[in-house]
Protein chains: 2
Amino acid sequence: MTSTNTNSFSSAVFPLETMDVPGGTETILRGGRHLFPLLPEALAGVRRIGVIGWGPQGRAQARNLRDSLIGTDIRVAVGLRPDSASAADARAHGFTEQNGTLGDWLTVTADSDLVILLIADAALAVHHRELFAVLRPGATIGLSHGFLLGHLRATGGAFPAGHGVIAVCPKGMGDSVRRLYEQGAQVNGAGINSSFAVHADPDGRAVDRALAWSVALGSPYTFRTTLDSEYLSDIVGERAILLGAVHGLVESLHRHYRLTGDDPVTAYERSCENITGPIARTISRHGLRAVREQLDSAGQDAFDRTYTAAYRPARDLIAEIYDEVADGTELRSVILAERRLSIQPMTEIGGSAMWAAGDTVRARRGEGALPVEPFTAGAFIATMMAQVDEFAERGHPWSEIVNESIIEAVDSLLPYMHARDVAYMVDNCSRTARLGARRWGPRFQAAYEQIAFPAAEGEGRPADPKLIDSFAQHPVHEALAVAARLRPSVDISVA
Amino acid sequence: MTSTNTNSFSSAVFPLETMDVPGGTETILRGGRHLFPLLPEALAGVRRIGVIGWGPQGRAQARNLRDSLIGTDIRVAVGLRPDSASAADARAHGFTEQNGTLGDWLTVTADSDLVILLIADAALAVHHRELFAVLRPGATIGLSHGFLLGHLRATGGAFPAGHGVIAVCPKGMGDSVRRLYEQGAQVNGAGINSSFAVHADPDGRAVDRALAWSVALGSPYTFRTTLDSEYLSDIVGERAILLGAVHGLVESLHRHYRLTGDDPVTAYERSCENITGPIARTISRHGLRAVREQLDSAGQDAFDRTYTAAYRPARDLIAEIYDEVADGTELRSVILAERRLSIQPMTEIGGSAMWAAGDTVRARRGEGALPVEPFTAGAFIATMMAQVDEFAERGHPWSEIVNESIIEAVDSLLPYMHARDVAYMVDNCSRTARLGARRWGPRFQAAYEQIAFPAAEGEGRPADPKLIDSFAQHPVHEALAVAARLRPSVDISVA
């Protein structure tokens, strides 16, 4: 992929801004409720939005869109499969057959001018042709990630001609898309950043339609990408720092601390709790470098040694993941897994010994600030930087890099993992993410245990000053600082 | 795959036998040096055999073939790439330019009536067309596993028309193919069992040619398979019980024993040493059931609980590996890895803490018999049985199942791992096997740690009597016993 100018764009409706990023600029739209009056103009021609599916994203997006469009004549309806188990919950949230906002997915698709496909990946793979077949002329297809593009490529399929194809991709879980939107009622602009992509634009109105959708979701800022770039960074990111790598890391760290003498609770605090707590919080508020800077000199030395030892094995694995996602191999494995899972359900991973300590650790919170553990922080930030570097080398826009590698982690996923735990998250996310995390998490665990930790602790294996200097001078800090200025000063509140 | 009668065959030269296997019979050829006088007749039309490559298999097969054909007019020559680093070693073993038995690979290929391709998989993928292009009319192509078939399928290629394509696939590493052959000078029939396959047979002589090759390698017995079946069982087996699973298992067991209070040396003895020592030896001499039967009642109970807990997660993983190998996904990932490895070398996995205890454990040997550890044995044998069951369900011939799941493990690989260690084996086997073991070993480790061990130790999680009964009554014991009767009573001697 080459970094072309796809991230610059113009709008007939919204006031855009230019954001400085390393080596250039990106056009972005800063969001906020003050823009809601512009939604009808941006959505001209769209009278009815159909949200197909009531998973975490469908549940959040349908409600945000409906609430943002109150007072307009644009109606948001939810389409579900016959006998969907989700119908009761959709009704409980005000989408009902009686008021015409809940119906069969084919009917809702046929009735809508913008059809947002938020059913599970496996269902989308099986049913997209039925849905495409009933689209009304000129209706726009909306996606929230690039899975369907990957699937169509893998199977020789195509989007139907004559229809716009756009994507708005919140850089956070569905639940946080809703929760921060609600917080946005008090703090204008609270929400989850989104990327958008225009894949087909037969009537020339795709950009404004996508921007309106993103503003209505509550995105603090919206940046442009391509469906390909989004697909790659999304699928790779959830297998790496967002989910798979963090699971592998906490499993390996917990054992590491147990084997060097810690009791299970202390080991939990120095591993999982440290990442989801003080490390995530520090990055979110003060950036990546602040984690290292707040350590004393011995701590910085430990950080540097672990960073040095973990960076290369993590980078190798992320390159491997990237290659397999780009090649279609990863998607094949998801499809094969779905076939097996139709016979034999997926086992859960929350049974490993470390999670038993989680309740005790959570009950203890507030007894005193937990200090950043340098060994843990070095390994975690090395992995995060490995993802940043791999994405930069593969030509992703900087907004996508920092959102998919850092902001989504520290402002959306890690706070959830802090409230529950990491294994719970892996066992409860989307099937594609869950399969990917289970596939790659153990690879990260093994890389830390077999390669990184022995090197970090080996005699005569000092930190690599070039690698540490490259971290200190890295352009990502500038990109993250710019993106952080666009972020409202509100943390997600996880019940 | 369906279990067709491909494993029955006839020979114009060799005296065949019928072996009872569960649900039927298989035709086999029992080997031995007394058959060497039949080799010229079986190889009629073959005056020159070219062995291309001097990796572990090439090095063993070229020497065995040459030594077995002494006194005939069939010459064995080794073909190497220009400037091959292996030339000196080949010369040291008597293959020289001077005596016409060492040459450029294209020249040797062009001069040979049977061309045995034993170069590395990656090289075969790149260079097979050049080699095919210089084959003399009527020359037979020989393979020792099905990789090339998988590669040709994946890339839309084909074997050249008009040439015989046969495979003889020793069920053990190259080094053991040579070592047991040498031991066979004293104990007639010592060697590594082989499967053979006939993929193309334009002159009707392929079966005898393949049998002769196998006899000349020293195979105690030779059974028939197809190139597809061989490919699947070979690639899956090395990712599972032969290499990947055993690595994941010993890593997880070592940590398990360390965390329950053992010092590193004791933990090593209860995990790795237990499998490569008493468990492998017991299976080799007395079969699978003997491992459980020699335990006392508490030990049998512990075995049964771990067996029950480990069987399902291991089976799920082996089904996943099988699907990905059959689909071509696994091969894609090897090809992608080879591309990355041309830039960034593969890291080694021998650095993890457990291996540091290996030297002490090996030095201690002989101080007293190490008892079988029931927890370790239950997990190991459950994984072995999971592979047996998966292969049986997919229709593999029983000889292939027991050789690729049990005999190759306990009579070839585990004795080597006992002399070195498991990580050393993983770091020093073929690239395809090494990549596969690194890809799947961590998955097994995570499955034991996160699913099997917590279940085995959980309160109120008794053994499943149906599963234990199915193990006790399993037809594999009969198949293994029949195969074991064909095995000479000599253990491999690892220097």
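Given the structure is predicted, the values throughout are model-derived calculations rather than measurements.

Student: Please explain helix α5 (residues 121-133) of chain B as it appears in this structure.
Tutor: Helical periodicity: at 3.6 residues per turn, an α-helix aligns residues three or four positions apart in one direction. Residue and element names in this part refer to chain B. Over its 13 residues, α5 extends 18 Å from the first C-alpha to the last, a length consistent with the 18 Å expected when each residue adds 1.5 Å. A maximum bend of about 60° is found in α5 at His127. Inspection of α5 places Asp121, Ala123, Leu124, Ala125, His127, His128, Leu131 and Phe132 among the buried residues, and these make up the whole buried set. Looking at the buried positions of α5, the neighbouring elements they touch are α4 (105-111), β6 (114-117), β7 (140-143), α6 (147-155) and α20 (431-457).

Student: In this structure, what is going on with the relation of the copies chain B and chain A? I would like to understand it.
Tutor: Turning one copy of the chain about an axis and sliding it along that axis gives the other copy, so a rotation and a shift relate them. Mapping chain B onto chain A calls for a screw motion: a turn of 180° about the axis and a shift of 0.0 Å along it, with 0.0 Å RMSD after fitting. What we have between these two chains is a two-fold relation. Interface residue correspondence from chain B to chain A reaches 100%, placing this contact among same-surface, isologous pairings.

Student: Is there a simple way to think about unusual backbone geometry in this case?
Tutor: Peptide bonds are, in most cases, trans, and in most cases residues other than glycine have a negative phi. Non-glycine residue Asp83 of chain A carries a positive phi angle of around 60°. By relative accessible area, Asp83 of chain A is classed as exposed at 80%.

Student: Looking at this structure, I do not really get the packing of helix α15 (residues 329-341) of chain A against helix α15 (residues 329-341) of chain B. What am I missing?
Tutor: Two quantities define a packed helix pair, namely the angle between the helix axes and the distance between the axes. Between α15 of chain A and α15 of chain B, the least distance of the axes is 10 Å, while the angle of their chain directions is 160°. If you check the angle between α15 of chain A and α15 of chain B, you find them roughly antiparallel. Considering the relative orientation of α15 of chain A and α15 of chain B, their crossing is left-handed. On α15 of chain B, the residues that touch Thr329, Arg332 and Leu336 of chain A of α15 of chain A are Thr329, Arg332 and Leu336 of chain B.

Student: Could you clarify how one ought to interpret the pattern of salt bridges in this entry?
Tutor: Side-chain pairs of opposite charge can arise whenever the charged atoms involved come near each other. All names here are of chain A. For the structure on display, the rule yields 72 salt bridges over all chains. Between Arg239 and Glu330 there is a salt bridge; the shortest N-O distance is 2.6 Å. Residue Arg239 is found in helix α9 (residues 227-239), and its partner Glu330 is found in helix α15; the two are separated by 91 residues along the sequence. The exposure classification of Arg239 matches that of Glu330, with both residues buried.

Student: Would you explain the confidence of the model for chain A in this entry?
Tutor: Any segment with low pLDDT has predicted coordinates that should not be analysed in fine detail. Residue and element names in this part refer to chain A. Chain-level pLDDT for chain A is 92 on average; 97% of the residues reach the 70-or-more range. Per-residue pLDDT stays below 50 along residues 1-5; that stretch engages in seven contacts with residues further than four places along the chain or on separate chains. Under the prediction, the complex receives an ipTM of 0.88, its pTM being 0.90.

Student: Would you take a moment to explain the environment of Glu230 of chain A for this structure?
Tutor: All names here are of chain A. Turning to its location among the elements, Glu230 is positioned in helix α9. Given the relative accessible area of 1%, Glu230 is considered buried. Ignoring sequence-local partners within four residues, the contact set of Glu230 consists of Ser144, His145, Gly146, Cys169, Lys171, Ser195, Thr225, Glu400 and Glu404. In terms of polar contacts, Glu230 uses its side chain to reach the side chain of Lys171, at 2.8 Å.

Student: Even after reading the chapter, I still don't get the interface of chain B and chain A, so can you show me in this structure?
Tutor: Often the size quoted for an interface is simply the accessible area lost on bringing the parts together. Each partner contributes to the interface: chain B provides 34 residues, whereas chain A provides 34 residues. Between chain B and chain A lies a buried interface of about 3,200 Å² when both sides are counted; carbon and sulfur atoms form 51% of it. A per-residue breakdown of the area chain B buries against chain A is headed by Leu259, Arg340 and Gln450 of chain B, which together make up 20% of the total. The tally of links from chain B across to chain A stands at twelve salt bridges. Put simply, Arg332 of chain B and Asp327 of chain A hold a salt bridge, and the shortest N to O gap is 2.4 Å. Viewed at the interface, chain A and chain B are joined by twelve residue pairs in polar contact (both at pLDDT 80 or more). When contributions to the side of chain B that touches chain A are tallied by element, the ones reaching two or more residues are α10 (244-259), α14 (297-327), α15 and α20 of chain B. The greatest single-element share of the side of chain B that touches chain A, amounting to eleven residues, is contributed by α20 of chain B.

Student: Just to check I follow, could you spell out the packing of helix α2 (residues 56-68) of chain A against helix α7 (residues 174-183) of chain A for this structure?
Tutor: Residues and elements named next belong to chain A. Where α2 meets α7, the axes come as close as 7 Å, and the angle between the chain directions of the two elements is 25°. Taken together, the axes of α2 and α7 are roughly parallel relative to one another. On the side of α2, the interface is formed by Pro56, Gln57, Ala60, Arg63, Asn64, Asp67 and Ser68, while α7 contributes Gly174, Asp175, Val177, Arg178, Tyr181 and Glu182. Of the residues belonging to the contact of α2 with α7, the class tally is four nonpolar, four polar and five charged.

Student: It is not clear to me how the packing of aromatic side chains should be interpreted in this structure. Could you clarify?
Tutor: Applying the stated criterion across every chain, the model contains 28 aromatic pairs over all chains. Centroid distance Tyr307 of chain A to Tyr311 of chain A: 6.2 Å. Interplanar angle 20°. Geometry classified as stacked. Of this pair, Tyr307 of chain A and Tyr311 of chain A both sit in helix α14 (residues 297-327), four residues apart, roughly one helical turn. In this pair, the class of Tyr307 of chain A matches that of Tyr311 of chain A, namely buried. Each ring, one from Tyr221 of chain B and one from Phe223 of chain B, has its centre 5.8 Å from the other, and the planes form 45°; the classification is tilted. Each member of the pair, Tyr221 of chain B together with Phe223 of chain B, is buried. Through successive ring pairs, a cluster of aromatic residues spans Tyr257, Phe375, Phe444, Tyr448 and Phe453 of chain A.

Student: Help me understand the sheet that holds strand β9 (residues 194-200) of chain A in this model?
Tutor: The strands that make up a sheet pair up through hydrogen bonds in the backbone, lying either parallel or antiparallel. All names here are of chain A. The ten strands are arranged β1-β2-β10-β9-β8-β7-β6-β3-β4-β5 in an open sheet whose pairing can be described as mixed. Strands at the two margins of the open sheet, each flanked by one partner only, are β1 (17-21) and β5 (102-104). Going from strand to strand, the sheet's axes swing by 30° on average, the running direction of each strand aside. Bridge count for strand β7 (residues 140-143) against strand β8 (residues 165-170) is three bridges, and the pairing is parallel. Across the sheet, Leu143 pairs through a bridge with Ala167, a residue of β8. Of the strands in this sheet, β2 (24-30), β6 (114-117), β7, β8, β9 and β10 (221-224) touch helix α8 (residues 206-217), which is tilted by about 25° from β8.

Criteria and thresholds
- Residues numbered from 1 in each chain as written.
- Chains lettered and ligands numbered in written order.
- Predicted model: local features only at pLDDT ≥ 70, side-chain atom pairs only at ≥ 80, totals over all residues.
- Heavy atoms only, no water.
- Helix = DSSP H or I, 4+ residues; strand = E, 2+ residues; numbered from the N terminus.
- Expected span 1.5 Å × (residues − 1).
- Bend = angle between axes of the 7 residues up to and from the residue.
- Buried < 20%, exposed > 50% of the residue type's maximum accessible area, 1.4 Å probe, protein only.
- Contact = heavy atoms within 4.5 Å.
- Least-squares fit on C-alpha atoms with pLDDT ≥ 70 in both.
- Axes fitted to C-alpha atoms, helices over the stretch in contact; angles between N-to-C directions.
- Parallel < 35°, antiparallel > 145°, perpendicular 65-115°, else oblique.
- Left-handed = near helix turned anticlockwise from the far one by under 90°.
- Salt bridge = Lys/Arg side-chain N within 4 Å of Asp/Glu carboxyl O.
- pLDDT = per-residue confidence, 0-100.
- Polar contact = N/O pair within 3.5 Å; in protein donor to acceptor, adjacent residues only side chain to side chain.
- Buried area = accessible area lost by both parts, 1.4 Å probe.
- Nonpolar A, V, L, I, M, F, W, Y, C, P; charged D, E, K, R; others polar.
- Phe/Tyr/Trp six-rings, centres within 6.5 Å; stacked < 30°, edge-to-face > 60°.
- Pairing = 2+ DSSP bridges.

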